[in-house]
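Residue strings, one per chain:
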Amino acid sequence: MLFSETFQNKTKLISRRMFILSALKISVFVGIISRLFYLQISENIKYRSLSDKNRFREWKLIPKRGIIEDYFGNKIADNIQNFQLHMMPEDVPDMKILFFKLSKIINFNNNEKNKIIKRLKKRKRWEPIVISDNLSWSEFSRLNLFLNEMQGVKPVVALSRKYYEDGSNSHVVGYVSEVSVKDLKSNEYLKEVNVPGMKIGKIGLEKILNKLIVGKPGIQRFEVNSSGKRVKELELIKGIEGKNFRTTIDSETQKFASSLLKNKSGSVCVMDIFTGDIVTLVSSPTFDPNQFVHGISLEEWKELMNHKEKPLINRALMGLYPPGSTIKPIVALSALENDIMSTKKMVECKGKIELYGQTYHCWKEKGHGFMNMRSAIKQSCDIYFYETARKLGVDRLSITAEKFGLGKKVLNIFSEEKSGVVPNTKWKLKNIGKGWFLGETLITGIGQGYFQSTPLQLCLMMAQLANGGYEIKPRIINDLYALQPTINAWRKEFELGKNDNNLNNSNLKKLYRNKENIKFVLDSLYGATNEPLGTSYRSRLTKPDFVYAGKTGTSQIRTITAEERKLKLKNKDLPYEKRDHALFIAFAPYKNPRYSISVVVEHGGSGSSGAAPIAKQVIKKVLERHKIRKKYQLDLFREA
Amino acid sequence: MKNYFEKRNQSISEKIIAFDFQLLFLILTLGIISIFAMYSSEMGNFSYHTKNHLYRFSFFFLFFIVVSFIRIDLLYKSAYLFYVIVLALLIGVDSFGVTASGSKRWINLFFINLQPSELMKVSLIVFLARYYNKIPSQYVNNFKHILIPFFSFLIPVFLVASQPDLGTSVLIAISGLIVIWLTGIKIKYFMYSFFVLICLIPVGISLLKPYQKARILTFLNPERDPLGAGYQIIQSKIAVGSGGIFGKGFLQGSQSYLDYLPEKHTDFIFTLFSEEFGFVGCVILLLIYALIIYRIASIGTQSRNNFGRLFCYGFAAAFFVYVTVNMAMVLGLLPIVGAPLPIMSYGGSSMFSVMLGLGIVMSCRIHNPNSIG
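Here's what I pulled together on the structure shown here. (Residues numbered from 1 in each chain as written. Chains lettered and ligands numbered in written order. Predicted model: local features only at pLDDT ≥ 70, side-chain atom pairs only at ≥ 80, totals over all residues.)

1. Quick look at the overall build of chain A
When its secondary structure is counted, chain A shows 27 helices and 19 strands. A total of 640 residues make up chain A; the buried ones form 40% of that total. (Helix = DSSP H or I, 4+ residues; strand = E, 2+ residues; numbered from the N terminus. Buried ≥ 20, exposed ≤ 12 C-beta atoms within 10 Å, placed from the backbone.)

Here it is, written out as structure tokens:
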């Protein structure tokens with residue numbers, strides 16, 4: 001029975017060990033179940049979100065950029081269809097062959113090839129890449145013809161910015177270009193809306209309006225597999241198109257003014273004297289903003305940067321010029337307002353005057369003879385204004401000048417706009433650190449010396465004189481105004497001197513003390529343009545509705561030496577850089593005025609010969625177009 | 001001495017009555033689940049893997065029934081021969097093997113690409129069961145009786161590990177060790193060999209292939225290389241975890257559908273299953289496996305001979321190890337070593353060996369009256 005005994009012993013032993021093993025098995029099963037519990041129930045949310053992160057991927061869609069229109073709804077910054085070529089790197093069997101084929105079909109040189117190769121290295125293989133941003137129609141159609149021979153490329157019709165090619169609006173509208181790293185850093189809103197390949201405004205209105213005009217990108221949500229390939233579209237959240245903007249600009253006069261300034265450096269500004277609407281804002285020389293849309297080439301960029309006259313500068317806002325004689329109406333007004341002089345005050349002009357041991361010259365060497373204030377403005381007598389300024393003092397003059405819009409930014413929305421300088425004793429002490437010389441007061445009185453103003457400031461100054469001496473807020477973006485009096489009531493009040501209730505209740509701010517002083521200045525300007533001996537008499541318009549009044553200005557950019565005076569050098573005999581700037585400010589029509597204008601032609605010689613003829617033509621154009629403009633008036637300035 | 005197995009011929013009907021229908025039913029259920037899982041792994045297409053899996057399961061299910069009807073004493077007698085044949089095949093793999101993805105695991109037998117290491121899982125247990133059958137327990141700890149089993153499992157373990165197939169070799173080693181331990185070898189011998197093993201770890205590490213080292217390092221910290229070696233385990237955990245209580249639903253597993261799961265039809269089939277059927281599904285699946293193991297073990301307990309008992313206990317333990325190692329692996333509890341989930345995973349050799357083992361278990365049950373205590 002030994003065998004049987006051992007067998008039973010053995011059985012017992014096996015069973016005992018089996019029991020231990022079973023206990024072990026149960027505990028391991030419990031362990032696995034608790035692990036499952038941990039992963040699937042406790043941590044479920046975490047893993048579910050991780051799984052969704054795996055699954056879904058979003059692609060942002062570039063939103064449609066808002067359109068910028070002129071006053072009449074003409075699109076001065078438009079979106080047009082353009083033809084692009086996209087490539088999906090993972091679908092391309094052989095890059096080299098593809099590049100070779102492309103070079104035969106479209107304009108695709110080695111330079112561009114290397115750029116693409118560089119960009120490819122930084123990107124994932126399933127991310128589409130734009131090979132060519134702007135294909136011509138013939139390239140595009142040729143490409144479609146050979147498409148079956150090229151795998152992995154896709155012709156795409158996209159939207160891109162289109163501007164007027166003549167460049168008449170370039171400085172106002174600006175341009176868009178690809179988002180740079182710097183843009184991303186300095187603009188918080190861009191982080192939300194930026195989509196690779198999106199373009200944003202870099203300058204001008206395009207830059208100012210960026211935030212509202214870009215819109216919001218749409219989102220395309222895809223399910224992707226483990227290699228990142230889109231499996232199916234799950235959701236399409238439509239983006240929000242950028243807001244459209246209407247400006248106060250008249251692109252027709254823009255074009256016209258721009259053509260008048262061709263081959264000159266300068267600017268033309270036209271403003272509605274009641275609404276402050278900027279009708280024209282042209283700077284010359286100009287550039288083609290379309291160059292920037294698809295990335296400017298190095299040669300084009302160099303050409304723009306090396307151009308002597310710096311076409312990218314908006315002279316109407318950034319150009320700083322001594323106002324010259326165009327300041328004289330303000331000097332006269334200041335003297336009258338401060339009761340320093342009467343309009344009847346006579347001063348004899350002998351062509352020069354000795355004061356404080358220095359000789360000050362009038363532009364007319366022989367002298368004007370006896371002048372009263374009106375004839376001094378009309379003939380722009382320097383000697384009279386030396387005397388006026390001397391009596392007035394620079395500080396009182398600067399107060400009036402600042403009141404009428406000099407020395408501060410006009411629009412304040414363009415970051416590139418300059419504020420200019422209205423000098424006074426405090427200003428000199430603060431900025432130059434020296435006391436004021438009385439002699440400096442004299443040249444300030446004829447708008448020379450430290451005086452610096454932009455053409456737009458001069459235009460605003462003219463407008464605020466011409467509207468009867470009321471403050472206006474210039475604008476270029478055509479949004480609705482707050483309640484203002486009708487223009488007719490405004491005019492009636494100014495002409496008849498009746499205190500119109502409507503006007504008194506308004507929030508209009510008077511810039512004058514005595515209305516008669518303004519009337520006197522405007523009348524003097526009428527003389528300057530429409531009476532013989534007036535400085536701009538040759539540029540007058542005789543048709544009754546077009547009669548305007550204006551003031552010339554010639555701003556010296558150098559001191560004329562005594563020798564030069566003897567030689568009687570004329571501007572046209574001087575080298576270009578030494579010639580005077582020609583300035584002209586005016587308002588039109590003289591009766592029932594509506595527009596003010598400023599024209600600056602750099603190194604254009606005298607105001608009467610260099611600037612006034614241009615102003616004359618622009619005024620004619622603006623007045624001719626006034627009827628059409630009236631129809632588009634949206635706000636409460638409607639003429640009854 | 002009496003013949004160990006009493007020769008008594010049972011009629012076919014007797015055999016059928018003796019059949020363990022519970023086990024049969026459980027295997028069939030598991031097979032059906034596995035076909036659905038395979039169907040899901042192919043994104044709801046009845047294509048290559050699903051078809052093959054269905055054919056294999058059907059074929060080997062029949063094979064299981066056929067083996068069940070083979071008399072236990074016949075199986076007992078041929079145990080050594082079976083072991084020797086499999087060992088020969090294993091050696092053959094080294095010289096005539098088919099190489100796939102860096103390791104030589106398969107041998108081309110013209111009609112099937114067989115993985116002898118999978119068969120070794122079963123044949124080693126058969127061998128040990130037969131070997132210990134006759135040895136009385138007081139002699140078990142004799143040096144002579146330790147040496148033969150020791151080499152009988154060490155040789156195949158070494159051969160499989162050098163293929164290299166770390167997972168299978170560990171599984172063979174564990175199942176062999178469990179059988180040896182069950183027979184009553186003193187715990188201290190295990191302690192000694194465990195100590196020796198620890199001393200050998202540095203040597204072992206130097207013999208590991210770089211990818212095997214990477215797998216172990218990755219197991220210790222999956223985030224070490226989230227897109228490389230750690231990718232599998234991270235994605236597997238995401239799939240399981242995102243399943244939640246009731247799962248994403250049949251054919252709705254995004255992780256598997258979108259190709260985030262590696263090896264989803266073989267080693268990671270459990271991940272796919274748990275993503276689609278959630279915690280509840282997993283517990284049910286685990287319950288089926290537990291019942292299968294329980295049935296195998298209880299057949300062993302009812303067995304009237306030590307061969308049957310040892311084999312059943314050994315196979316139950318081995319089956320348990322296959323299931324748990326695979327699950328622990330995909331749940332991030334063990335390094336990824338390449339261990340299939342019995343019946344669920346795609347793979348002929350694995351199916352072959354599991355069904356063979358189950359067939360022998362069933363034969364033990366059917367022919368139990370045959371033997372005497």
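2. Observations regarding the overall build of chain B
Counting secondary structure elements, chain B contains 15 helices and 3 strands. Out of the 373 residues belonging to chain B, those deemed buried represent 51%. A separation of at least 24 residues holds for 70% of the contacts in chain B among residues at least 6 apart in sequence. (Contact = placed C-beta atoms within 7 Å.)

3. Comments concerning the sheet that holds strand 1 (residues 56–61) of chain A
Residues and elements named next belong to chain A. If you walk across this open sheet you meet the 3 strands as 1-8-9, and the pairing is antiparallel. Each having just a single partner strand, strand 1 and strand 9 (230–237) make up the two edges of the open sheet. With strand direction ignored, the average angle separating the axes of adjacent strands in the sheet is 30°. Taken together, the 6 bridges between strand 1 and strand 8 (residues 218–224) define a ladder with antiparallel strand orientation. Bridging across to strand 8, Arg57 finds its partner in Phe222. (Pairing = 2+ DSSP bridges. Axes fitted to C-alpha atoms, helices over the stretch in contact; angles between N-to-C directions.)

4. Some remarks on the packing of helix 17 (residues 382–392) of chain A against helix 20 (residues 438–445) of chain A
All names here are of chain A. Between helix 17 and helix 20, whose axes approach to 8 Å, the crossing angle comes to 125°. Taken together, the axes of helix 17 and helix 20 are oblique relative to one another. As helix 17 runs across helix 20, the sense of the crossing is right-handed. Where helix 17 abuts helix 20, its residues Phe385, Tyr386, Thr388, Ala389 and Arg390 lie against Thr441, Leu442, Thr444 and Gly445. Classifying every residue of the contact of helix 17 with helix 20 gives 4 nonpolar, 4 polar and 1 charged. (Parallel < 35°, antiparallel > 145°, perpendicular 65-115°, else oblique. Left-handed = near helix turned anticlockwise from the far one by under 90°. Nonpolar A, V, L, I, M, F, W, Y, C, P; charged D, E, K, R; others polar.)

5. Side note on the sheet that holds strand 12 (residues 278–284) of chain A
Residues and elements named next belong to chain A. One open sheet holds the 5 strands; their spatial order is 12-11-19-18-17, and the pairing between them is antiparallel. Strands at the two margins of the open sheet, each flanked by one partner only, are strand 12 and strand 17 (549–555). In this sheet, adjacent strand axes meet at a mean angle of 10° when their direction is disregarded. Bridge count between strand 11 (residues 266–272) and strand 12: 6 bridges; the pairing is antiparallel. By the bridge assignment, Met271 is partnered in strand 12 with Ile278. Packed on one face of the sheet, helix 21 (residues 455–466) meets strand 11, strand 18 (581–588) and strand 19 (595–601) and runs near 150° to strand 19.

6. Points about the interface of chain A and chain B
Counting from both sides, the interface comprises 35 residues of chain A and, opposite them, 42 residues of chain B. Counting residues per element, the ones that place at least two in the side of chain A that touches chain B are helix 1 (2–42), helix 2 (44–55) and strand 8 of chain A. A per-element tally of the side of chain A that touches chain B places helix 1 of chain A first, with 21 residues.

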